[in-house]
Amino acid sequence: VTIRANLLRTKRRDLAQTLMGKGERLQPLDQCSPAALQVFDAPFALPSTPEYCAGLFMIQSAASMLPVEAMGVQEGERILDLCAAPGGKTTH
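The structure presented is a predicted model; accordingly, all values stated were derived computationally and were not measured.

S.K.: Pulling in residues and values, what's your account of the overall build of the protein chain?
M.R.: Across its full length, the protein chain holds 4 helices and 4 strands. Going from the N terminus to the C terminus, the protein chain shows its helices and strands as β-α-β-β-α-β-α-α. Expected size for 92 residues packed as a compact globule is a radius of gyration near 12 Å; at 13 Å, the protein chain falls within 12% of this value. Along the first, second and third principal axes, the C-alpha set of the protein chain runs to 40 × 25 × 20 Å. When the 92 residues of the protein chain are sorted by exposure, 30% land in the buried category. Counting contacts in the protein chain only where the partners sit at least 6 residues apart, residues at least 24 apart contribute 56% of the total. On the protein chain, roughly 6000 Å² of surface is accessible, and the fraction owed to carbon and sulfur atoms is 56%.

S.K.: Account for the side chain of R4, naming residues and giving values.
M.R.: Structurally, R4 can be placed in strand 1 (residues 2-5). One buried charged side chain, R4, makes no salt bridge at all; its nearest oppositely charged neighbour is E69, positioned 7.5 Å away. A polar contact of 2.5 Å, which involves the side chain of R4, links it to the side chain of Q60.

S.K.: Explain the sheet that holds strand 2 (residues 25-28) to me, and be specific about the residues and the numbers.
M.R.: Sheets are built from strands paired through backbone hydrogen bonds, the pairs being either parallel or antiparallel. The strand order across the open sheet built from 4 strands is 2-3-1-4, with neighbouring strands paired in antiparallel fashion. Every interior strand has two partners, whereas the edge strands, strand 2 and strand 4 (57-59), have only one. Across this sheet, the average inter-strand angle for adjacent strands is 30°, counted without regard to direction. In this structure, strand 1 lies alongside strand 4, joined through 3 bridges in antiparallel fashion. Residue pairing for strand 4: I3 is matched across the bridge by I59.

S.K.: If you had to explain the pattern of salt bridges to someone new, which residues and values would you point to?
M.R.: All told, the structure shown has 4 salt bridges when counted by the stated rule. E51 is the partner of K22 in a salt bridge, and the nearest nitrogen-oxygen pair spans 2.9 Å. With K22 in the loop between helix 1 (12-21) and strand 2 and E51 in helix 2 (residues 50-53), the pair connects residues that are 29 residues apart, well separated along the chain. Judged by relative accessible area, E51 falls into the buried class, the value being 10%. For D41, the salt bridge goes to R25, with nearest N and O atoms at 2.6 Å. Here D41 is found in strand 3 (residues 36-41), whereas its partner R25 is found in strand 2, with 16 residues between them in sequence.

What counts and how
Residues numbered from 1 in each chain as written. Predicted model: local features only at pLDDT ≥ 70, side-chain atom pairs only at ≥ 80, totals over all residues. Heavy atoms only, no water. Helix = DSSP H or I, 4+ residues; strand = E, 2+ residues; numbered from the N terminus. Rg over C-alpha atoms; globule rule 2.2 N^0.38 Å. Buried < 20%, exposed > 50% of the residue type's maximum accessible area, 1.4 Å probe, protein only. Contact = heavy atoms within 4.5 Å. Areas by Shrake-Rupley, 256 points an atom, 1.4 Å probe, with all protein chains shown as cover. Lys, Arg positive; Asp, Glu negative; His and termini not counted. Salt bridge = Lys/Arg side-chain N within 4 Å of Asp/Glu carboxyl O. Polar contact = N/O pair within 3.5 Å; in protein donor to acceptor, adjacent residues only side chain to side chain. Pairing = 2+ DSSP bridges. Axes fitted to C-alpha atoms, helices over the stretch in contact; angles between N-to-C directions.

Honestly, it's all geometry; don't read function into it.
In structure tokens form, the structure reads like this:
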């Protein structure tokens, strides 16, 4: 399972520390995204965490993060996503 930190609300490092404090084993996935974390062990359902409910991260496959990083979107650019459903890449 991979998750993507919402960098508008938290830092990946801070999110990782919080989740590891709850017993999850995580590893950064820099090759996919600077916001990506791979989850190895989760003693509870990720969507049931307060961090998920607060929008600090979303569950997203590593493969779905790659196209966004490959685009190299710069601040101020506008991107039209014609395949947005449910919108994970769009929010990324």
